[in-house]
Each structure stands twice: as structure tokens, then as C-alpha cells.
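Spelled out from the first residue to the last, the chains are:
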Amino acid sequence: MDVGETIETTLATLRNTTGTDNSSVEFLFIKLPPIYYWNAVVVYTAIGCLETFVSLIALLHMPRPFSNFQYLLLNLAFADFIDVTLFLIAFSISHWMHVNFDELSIDEKRRSFCVITTMTTTAIAMIQSVSLGTFALVINQFIAITYPLRYNSIVTKGRLLVALVLKWALIAILVIPALLLGGIYCETSVYTPALSALNGLLLVVPSLIVSAVMFIIYAVIYRKVRTTLKNPVAASQNVTFQQEAKLVVTTGILMGTVLVLWFPSMIGSIYNIYRMIVAPLEIENDTTTTLIGLFMQLIFFTNFIVDPLVYGIRLEVVRQGYGRLLRKVKRKLSWCSNPVGSNVMHTNPTFDSRSDSVASEGTLMSRA
């Protein structure tokens, strides 16, 4: 008996022990992916988790005061880190379960499936925090390019804070159905086609709406930038516009990674939702579709790895944050290796003064 058949038998036993009539339960079972898939997704999400964490710390070390764009960049990095961490936990438990399935008791299997399902559905709902974070960057650049003289009065720190609070409140609302789906599964130990389809809709519907609006707005920004750049004299004399144009390109790359890396997974999710509703039992034996779906998921998780590289390479102010973080780590390591000379190191103000002098030159994002 392979792992898939063992899980099906175990869940059937769970339904019987909880008094559920098998004939009245529409149960969808999809065999666990092979071990190399779990190895791949655990490594992918672990790299993404480490990279987004380091990136988040580096962003916090950017020269102060932060601009609105920097706050929005921090918001995106935080969303990336939270989401990829949830996926890493779920996939790590799945990998452990795949390896030790035969040794686990029924209660352990039930608890593990409960945690995996709850974490996965929550992570899928939290994906919208990433798309909305990218959307906020696009909106910020739309205002900066379209209303340059009124930008500071329109995008104030107070309004930005309110917008971020509303964004995370919306994410909390989206997470509630995910937790309910996980709770239903934990109570019944049955993952029905309806639950699976709802889980897919949590990913597809909001992502498609946000992506479509974001693409339209960015097209307007890009057209305006191209129109201005056709007049090289006017563009070269406007330093602020040059800075904003570079941020527009960076924002476009971040938006492009979302659209390109998420689109295959969206198509796969739509197809799976259709199959789950029309012919759910055929999916179990459709090996080709399963493998394609797994490959699309790996492409999807690449977004968490690519995002920090994009703004780390493109934006000088982010590179300054990495430089300050690196120097801080070196100072800590030097202090640990030579605690006697630590007093001399603490009296040396070159770290902050050097970083602040670089920041004062106003290379990027000088707008408060």
C-alpha cells in the first residue's frame, strides 16, 4: 500500500470513528506529491524566508527619515516575510509527515493534517497582502508622477498610516474564511471539493481583481513617463522627475514579477477549481496535471526570492541599508572577538556619520 492509499484509509477510519457516514460525505483525496517535491518547496520557501528576513532588517537600517516609498517598501517586505514563513511552516510539517507517515498514530495524523490545512489556507489568504503591497507602490507612484506639485499634500504620513492600517484590516477579513475552512477540516477530517474550490477562490478572485486594476494604473504612469522622456531637455532639468521615473521602473519590475510568476499558478488554480466541481475524482489519477501544478507552484514561490533582489539591486537607498547592516554586524563580531577594545569601538562615530552623509546627498527618495 503506497502513501496515498494509506492516507485515504486513515481518513476513512477517522470519519468512521467520529460517527460520520461515508456514504453521505463527498470526499476528495489527492495523493501526496513525491518526496522530491517537498524537498524542493521546503528549500525554496526556506531561502525565501531567510532572504526576506534579512531584507526586512536591511530596510529598517535605511537612512532616516523614511520617505513614503520606503515605508511602502517596508510594508511589502513584511508581507513577503509573513506569507513565506506561513508556507514554510506548512510545507515543513508536510515534509515531516510524508517521511514519518507510517510511524504516526491516527491522532497525530489528524492533528498534523489540521495544522497543515489551516496554515496553508491562511497563507493563501495572506498572499493578498503581497499583491496589495505592490498595488500601494503603484498608487504612490501614480500620484507622484501625475500630481508632482501636490504630492506632499496628498500623500501625508497620516494618510499613509491610515491606508496601511486599512490594508491589513482587509487582510484580516480575508483570513477569517481561511481559518473557517481550516476549522471545518479540523472538525470533520474531510477535505471536500467544495472546501478545496473555496480555498482556490481565496487566491484567484482577489488576485485577479487587484492585478487588473494595478496593470491599468501602471500603464497610465508608464505612458506619462515616456511622454516626458521624449523631451530630454525638460527631463534632464527635472532631477525629481528622474528619481521618480527610476522608482516607476522599479515598481514596474516588482509588479511584473507578481504578474509573471503568479499567472501560471492562477491559471492552474482556475483549472483545478473547474475540475473539482465537474470531475473531482478524476484528479487523483491525473499525474500529468498534478506535476504541472507542482511546477507552477514552484514558479509562484520564486516571487518571494526575486522581490528582495529587485529593490536591493535597483535602489541605492536600500543598498545603503544593507551596508549599514553589514557594518553593524561586523562591529558586533569584532566586539565579541575583542571585548577589551570594545570601548574604543563604541566611541568611534564614523558609522552613523558616514551613512548620514551619503544620505544627505539626496541620491534617491529625497521626498519626505
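Because the structure is a prediction, the values reported are computed rather than measured.

Caption draft 1: Here's a closer look at the packing of aromatic side chains. In this structure the tally under the stated criterion is ten aromatic pairs. Ring centres of F78 and W168 lie 5.6 Å apart, and the angle between their planes is 70°; this geometry places the pair in the edge-to-face category. Of this pair, F78 sits in helix α3 (residues 68-99) while W168 sits in helix α6 (residues 157-188), and the two are 90 residues apart along the sequence. Taking relative accessible area as the criterion, W168 reaches 25% and is therefore assigned partly exposed. Members of the aromatic cluster, joined through ring pairs, are F87, F91, F300, F301 and F304. Here the basic side chain of R64 rests over the ring of F66, its NZ or CZ set 4.3 Å away from the ring centre. Lying across the ring of Y147, R150 places its NZ or CZ 5.5 Å from the centre.

Caption draft 2: Highlighting a nonpolar patch on the surface. A surface patch of nonpolar side chains, about 310 Å² in accessible area, is lined by L201, V205, I209 and V213. Structurally, V213 is set in helix α7 (residues 193-229). For V213, a relative accessible area of 35% gives the class partly exposed.

Caption draft 3: Structural context of the side chain of S131. Mapping S131 onto the fold places it in helix α4 (residues 106-146). Side-chain polar atoms of S131 contact the backbone oxygen of Q128, separated by 3.0 Å. Excluding residues within four positions of it along the chain, S131 makes contact with V210, M214 and W262.

Caption draft 4: Highlighting the layout of surface pockets. Computed from the structure, the second largest pocket encloses a volume of approximately 330 Å³. Lining the second largest pocket we find 17 residues, and of these L72, A136, I139, L160 and A163 sit closest to its centre. Mapped onto the lining of the second largest pocket, the elements with two or more residues apiece are α3, α4 and α6. Of the residues that constitute the lining of the second largest pocket, the class distribution is twelve nonpolar, three polar and two charged.

Caption draft 5: The arrangement of the side chain of N68 in detail. Tracing the backbone shows N68 in helix α3. In terms of polar contacts, N68 uses its side chain to reach the side chain of K157, at 3.2 Å.

Caption draft 6: Highlighting the packing of helix α2 (residues 35-60) against helix α11 (residues 316-337). Close contact between α2 and α11 brings their axes to 7 Å; oriented N to C, the two are set at 95°. Between α2 and α11, the angle falls in the class roughly perpendicular. Contacts between α2 and α11 involve V54, S55, I57, A58 and L59 from the former and V318, G321, Y322 and L325 from the latter.

Caption draft 7: How the structure looks around the nonpolar core. The biggest cluster of nonpolar side chains holds 55 residues, and the ones touching the most others in it are L59, L73, F87, W262, Y311, L315 and V318. At the level of elements, α2, α3, α4, α6, α7, α9 (239-278), α10 (287-314) and α11 are the ones that each hand at least two residues to this core. At 14 residues, the largest contribution of residues to this core is made by α3. Core analysis: the next-biggest nonpolar cluster, separate from the first, contains ten residues, I217, V225, A245 and V248 among them.

Caption draft 8: Molecular detail of the confidence of the model for the protein. On average, residues of the protein score 74 in pLDDT, and 68% of them reach the 70 mark or higher. Scored below 50 in pLDDT, residues 13-31 makes 37 contacts in the model with residues more than four places away or belonging to other chains.

Reading the values: rules and limits
- Residues numbered from 1 in each chain as written.
- Predicted model: local features only at pLDDT ≥ 70, side-chain atom pairs only at ≥ 80, totals over all residues.
- Heavy atoms only, no water.
- Phe/Tyr/Trp six-rings, centres within 6.5 Å; stacked < 30°, edge-to-face > 60°.
- Helix = DSSP H or I, 4+ residues; strand = E, 2+ residues; numbered from the N terminus.
- Buried < 20%, exposed > 50% of the residue type's maximum accessible area, 1.4 Å probe, protein only.
- Lys NZ or Arg CZ within 6 Å of the ring centre and 35° of its normal.
- Patch = residues over 30% accessible without salt bridge, like charges linked within 9 Å, V, L, I, M, F, W, Y side chains within 5 Å.
- Areas by Shrake-Rupley, 256 points an atom, 1.4 Å probe, with all protein chains shown as cover.
- Salt bridge = Lys/Arg side-chain N within 4 Å of Asp/Glu carboxyl O.
- Polar contact = N/O pair within 3.5 Å; in protein donor to acceptor, adjacent residues only side chain to side chain.
- Contact = heavy atoms within 4.5 Å.
- 1 Å grid on protein atoms, 1.4 Å probe; cavity = no way out; pocket = protein on both sides within 12 Å on 5 of 7 lines; lining within 4 Å.
- Points joined across faces, edges and corners; volume = space filled by probe spheres on them.
- Nonpolar A, V, L, I, M, F, W, Y, C, P; charged D, E, K, R; others polar.
- Axes fitted to C-alpha atoms, helices over the stretch in contact; angles between N-to-C directions.
- Parallel < 35°, antiparallel > 145°, perpendicular 65-115°, else oblique.
- Core = buried A, V, L, I, M, F, W, Y, C linked by side-chain atoms within 4.5 Å.
- pLDDT = per-residue confidence, 0-100.

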